[in-house]
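# Working through the structure, step by step
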Amino acid sequence: MKFLYLLPILLLFSCKNSPVYSDRSKSILESHLQEFQAYKNRPDSDGPFNTKEFLVENIPYLYSEDENLTKVYNYRWWMISKHIRPYEDPADGKKYTVFTEFFGVKPWASRSGAIPCPAGHQFHDLRWLKDNTFLKSYIEYFISGSASYLPQRENANFLTYLSRPEALHYSSWMIHGAENFLKVHPDASWLNQIYPDLERHQSLWDSLFLIRSGKTAGLYKIMDLYDGMEFSLSAVLALNASDGPYKPYNDTTWKGLYLGWGTTSQAAKLPETSQFPKAFRGGYPELYLARPSINSYMYGNLLSLSTLSEILKKRNPYRQRASSLQQKILSELWSEEDQFFHTVTAGDNTFGTKDYMARVRESVGYTPWYFNLIPKEQASKYANAWKELDSEDGFAHQFGMTTAERRHPYYNEETYAWNGRGWPFQNAMVLKALANHLRQYNGEGRKTFLKLVKQLVQLHGEQELNIGEWYIPSRGPSFGGEKDYFHSSFPDMVIEDLIGFQSSHWHEFTLQPFIEGDFYLGNLKYHGHMLQIERVGQTLKVWKNGKAIYQAKDLGQIHKIKL
């Protein structure tokens, strides 16, 4: 009898020391998966992993008081599982796991169907899978496998004369993504194996896309199409400012020549395309741009190579190279007058204007913060750029952020282009950049961050959830284009940016939650341990392998947790 009397007290004590929302998060996930699997008229999966069993075993569980956030988070994992594709490579005879962006093998994709454009976003999401072999294999395919040396197939979709390996067909930040994977799943042996190929990957970027002359020498260049952002306004302004083969482009003609895919066929009819056969391909102008995007990606890659070389105790020329590129970006791409990072045309362009700054604010101007490129001691100098994000003259709109400033006379969100229309790829980029601005630089804008997250969640819909290619910022209310489209990140945004789980190469991590209300994150594998994180009221707790290791009041501060 005495034991029975004490049992409720013991159970109460046990409950206080175990997560409140653990079972609820798992049951919610299972219920959501049952609902998602019943969706009709969706693309077929690219592989056999779109199952309840795979997801329940492998993904981190989330509970949030915001039911819509939780549901979208679970949906995005379900969508990701549809894009896991086993691939037996005929070039090297190896079996890989790749992740597709569109379903199937598109003409502009690699031979496996994978596309490098969203790989940086994909790497950040996939690093949170419990089974790390999936992302390891995907990294190996692009960095060491046939995609690292087989040339991109030249077909009607290859709109450039610059041959390059499949892994460099579009810009990306794969090395940075691989380093961030290793922060979650450290593996010294695998790192030592793949490190030479990471170096080779960067050397290919250097040999093909480093600008060699003019004021922009030392920066990296790309055509906006192969930055994954076709028909950008910065390219329009550069074309309008150019002579020679691009003389037909001006204030009145550009819409008919460079505003969506239907216009390139019109450009192909210009007499200049025959007079200057290397200036166009398929009516698309061969104009290279030093954009804040690709240059920030390369800074991130170089800094990651520096960190990894230090871990391996190897020769490290990369920190100095990253520093030099950082200074070049700050000096050549920043407009003091506009208080924004702009695009400048490459100084070694064969055709078109050289070293020309296109003075239009585009959301790619926030990319430097994604990689913490801004020196902390200079944070205030660049902070005014963030005022544009919540301005109706800038990037703010009813259903989500725009990709170009609304005040610009060329702003257009109706066409399949990046001169106004919203793209989830860019939402993911800007949200992480803003989270870094808030955490790393003590910046302002937390309400804007939470508002943008809410807008993004709402764009997924209310009945049957979906992530598509694009959205119309002025009218929404949902995404358009291909359904269940893996071009952006979301689970990583929730884990790293909203909950504030900052991973490390060392056996520790930090937390600084921005998420509102109670939350729970569990089934999270980190440095070989299973973690659970929960906030109930103002009390934040962390468990490692089922044992409580940290408890504190959460009053907005940074929590440092050692394993």
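Structure shown above.
Residues numbered from 1 in each chain as written. Predicted model: local features only at pLDDT ≥ 70, side-chain atom pairs only at ≥ 80, totals over all residues. Heavy atoms only, no water.

In this section: the overall build of the protein. In terms of regular secondary structure, the protein is built from 19 helices and 16 strands. Whereas a compact globule of 563 residues would reach a radius of gyration of roughly 24 Å, the protein reaches 24 Å, a difference of no more than 12%. Overall, the protein is about 100 × 55 × 50 Å in size when its C-alpha atoms are taken along their principal axes. Looking at the 563 residues of the protein, the share that counts as buried comes to 63%. Restricting the contact set of the protein to residue pairs at least 6 apart, pairs at least 24 apart contribute 66%. (Helix = DSSP H or I, 4+ residues; strand = E, 2+ residues; numbered from the N terminus. Rg over C-alpha atoms; globule rule 2.2 N^0.38 Å. Buried < 20%, exposed > 50% of the residue type's maximum accessible area, 1.4 Å probe, protein only. Contact = heavy atoms within 4.5 Å.)

What follows deals with the environment of Tyr96. For Tyr96, the position within the fold is in strand E3 (residues 95-99). With a relative accessible area of 7%, Tyr96 lands in the buried category. Spatially, the C-alpha atom of Tyr96 lies 6.5 Å from that of Tyr141, the residues being 45 residues apart in sequence. For Tyr96, the side chain forms a polar contact with the side chain of Asp92, separated by 2.6 Å. (Polar contact = N/O pair within 3.5 Å; in protein donor to acceptor, adjacent residues only side chain to side chain.)

Counting residues in each nonpolar core, the largest one holds 177 residues, and the members touching the most others are Tyr138, Tyr366, Trp369, Phe449, Phe501 and Ile533. Excluding anything up to four places from it in sequence, Phe501 contacts Trp128, Ile495, Glu496, Phe509, Thr510, Leu511, Leu524, Tyr526, Leu531 and Ile533. (Core = buried A, V, L, I, M, F, W, Y, C linked by side-chain atoms within 4.5 Å.)

Another aspect to go through is helix H7 (residues 174-184). Since there are 3.6 residues in each turn of an α-helix, residues three or four apart along the chain are aligned in direction. Taking burial as the measure, the 11 residues of H7 include 11 buried ones, the bulk of the element. Buried within H7 are the following residues: Met174, Ile175, His176, Gly177, Ala178, Glu179, Asn180, Phe181, Leu182, Lys183 and Val184.

Here Gln512 is to be found in the loop between strand E11 (508-511) and strand E12 (519-526). Residue classification places Gln512 among the buried positions, given a relative accessible area of 14%. Within the structure, the side chain of Gln512 is placed 3.0 Å from the backbone oxygen of Gly556, a separation counted as a polar contact. Every residue in contact with Gln512, bar those within four places of it in the chain, is listed here: Arg439, Ile499, Gly500, Gly556, Gln557 and Ile558.

Before going further, it helps to spend a moment on the packing of aromatic side chains. Under the definition given, this model contains 55 aromatic pairs. Relative to Trp77, the ring of Tyr73 lies with its centre 6.5 Å away and its plane at 80°, an arrangement referred to as edge-to-face. Of this pair, Tyr73 and Trp77 both sit in helix H4 (residues 67-82), separated by 4 residues, roughly a single helical turn. Ring geometry for Trp334 versus Phe341: centroids 4.8 Å apart, planes at 65°, classification edge-to-face. Across the pair, Phe341 and Trp334 agree in class, each one buried. Members of the aromatic cluster, each reached through a chain of ring pairs, are Trp173, Tyr297, Tyr370, Phe371, Tyr416, Trp418, Trp423 and Phe425. (Phe/Tyr/Trp six-rings, centres within 6.5 Å; stacked < 30°, edge-to-face > 60°.)

This next bit is on the pairing of strand E13 (residues 529-536). Put simply, side chains in a regular strand alternate between the two faces of the sheet. Across 6 bridges, E12 lies against E13 in antiparallel orientation. Within E13, the position partnered with Leu521 by the bridge is Ile533. Counting the residues between successive antiparallel strands, the hairpin from E12 to E13 contains 2 residues, one of them, His527, with a positive phi of roughly 55°. When E13 meets strand E14 (residues 539-544), the two strands line up antiparallel, connected through 6 bridges. (Pairing = 2+ DSSP bridges.)

Picture the strands of a sheet paired through backbone hydrogen bonds; they go either parallel or antiparallel. Strand order in the open sheet formed by 3 strands is E6-E9-E10, with antiparallel pairing between adjacent strands. Two strands close off the open sheet at either side, each with one partner strand: strand E6 (289-290) and strand E10 (357-358). Where E6 lies against strand E9 (residues 343-345), 2 bridges are found, and the strand directions are antiparallel. From the neighbouring strand, Ala290 faces E9, where its bridge partner is Val344.

Another point: the sheet that holds E13. Reading across from one edge, E1-E12-E13-E14-E15 is the order of the 5 strands in this open sheet, with antiparallel pairing throughout. On the outer flanks of this sheet lie strand E1 (61-64) and strand E15 (547-553), each paired with one strand and no other. With direction set aside, neighbouring strand axes in the sheet form an average angle of 15°. Here E1 pairs with E12 via 4 bridges, running antiparallel. Along E12, the bridge assignment pairs Leu62 with Leu521. Against the sheet, helix H2 (residues 22-37) engages E1, E12 and E13, with an angle of about 105° to E1. (Axes fitted to C-alpha atoms, helices over the stretch in contact; angles between N-to-C directions.)

So, about the pattern of salt bridges. As a working rule, side chains carrying opposite charge can pair if their charged atoms are close by. Throughout the structure, instances matching the rule amount to 31 salt bridges. Two residues, Asp227 and Arg291, come together in a salt bridge whose shortest N-O distance is 2.8 Å. Pair noted here: Asp227 is in the loop between helix H8 (188-209) and helix H9 (233-240) and Arg291 is in the loop between E6 and helix H13 (292-311), with a separation of 64 residues, a long-range link. Taking relative accessible area as the criterion, Asp227 reaches 0% and is therefore assigned buried. The exposure class assigned to Arg291 is buried, which follows from its relative accessible area of 2%. (Salt bridge = Lys/Arg side-chain N within 4 Å of Asp/Glu carboxyl O.)

Strand direction decides the pairing type here: strand E2 (residues 84-88) and E3, joined by 5 bridges, are antiparallel. By the bridge assignment, Arg85 is partnered in E3 with Val98.

This part is about the environment of Lys221. Along the chain, Lys221 turns up in the loop between H8 and H9. The residues contacting Lys221, other than those within four sequence positions of it, are Leu208, Phe209, Ile211, Tyr288, Leu289, Ala290, Ile294, Ala346 and Asp348. A polar contact is formed between the side chain of Lys221 and the side chain of Asp348, at a distance of 3.3 Å.

With that settled, the discussion passes to the packing of helix H17 (residues 424-440) against helix H18 (residues 446-459). The relative placement of two packed helices is expressed as an angle between their axes plus a distance between the axes. Two elements in contact, H17 and H18, have axes separated by 10 Å at closest approach and are oriented at 155°. Between H17 and H18, the angle falls in the class roughly antiparallel. The two elements H17 and H18 cross, and the hand of that crossing is left-handed. Contacts from Asn427, Leu431, Leu434, Ala435 and Leu438 of H17 reach H18 at Arg446, Thr448, Phe449, Leu452, Val453 and Leu456. When its residues are assigned to classes, the contact of H17 with H18 shows 8 nonpolar, 2 polar and 1 charged. (Parallel < 35°, antiparallel > 145°, perpendicular 65-115°, else oblique. Left-handed = near helix turned anticlockwise from the far one by under 90°. Nonpolar A, V, L, I, M, F, W, Y, C, P; charged D, E, K, R; others polar.)

Cis geometry is found at the peptide bond from Gly476 to Pro477, where omega equals -10°. For Asn372, which is not glycine, the phi dihedral falls at a positive 50°. With respect to the secondary-structure elements, Asn372 resides in the loop between helix H15 (367-370) and helix H16 (379-382). In this structure Asn372 comes out as partly exposed when scored by relative accessible area, which is 31%. A positive phi angle, near 55°, is found at Asn523, a position not held by glycine. Structurally, the position occupied by Asn523 is in strand E12.

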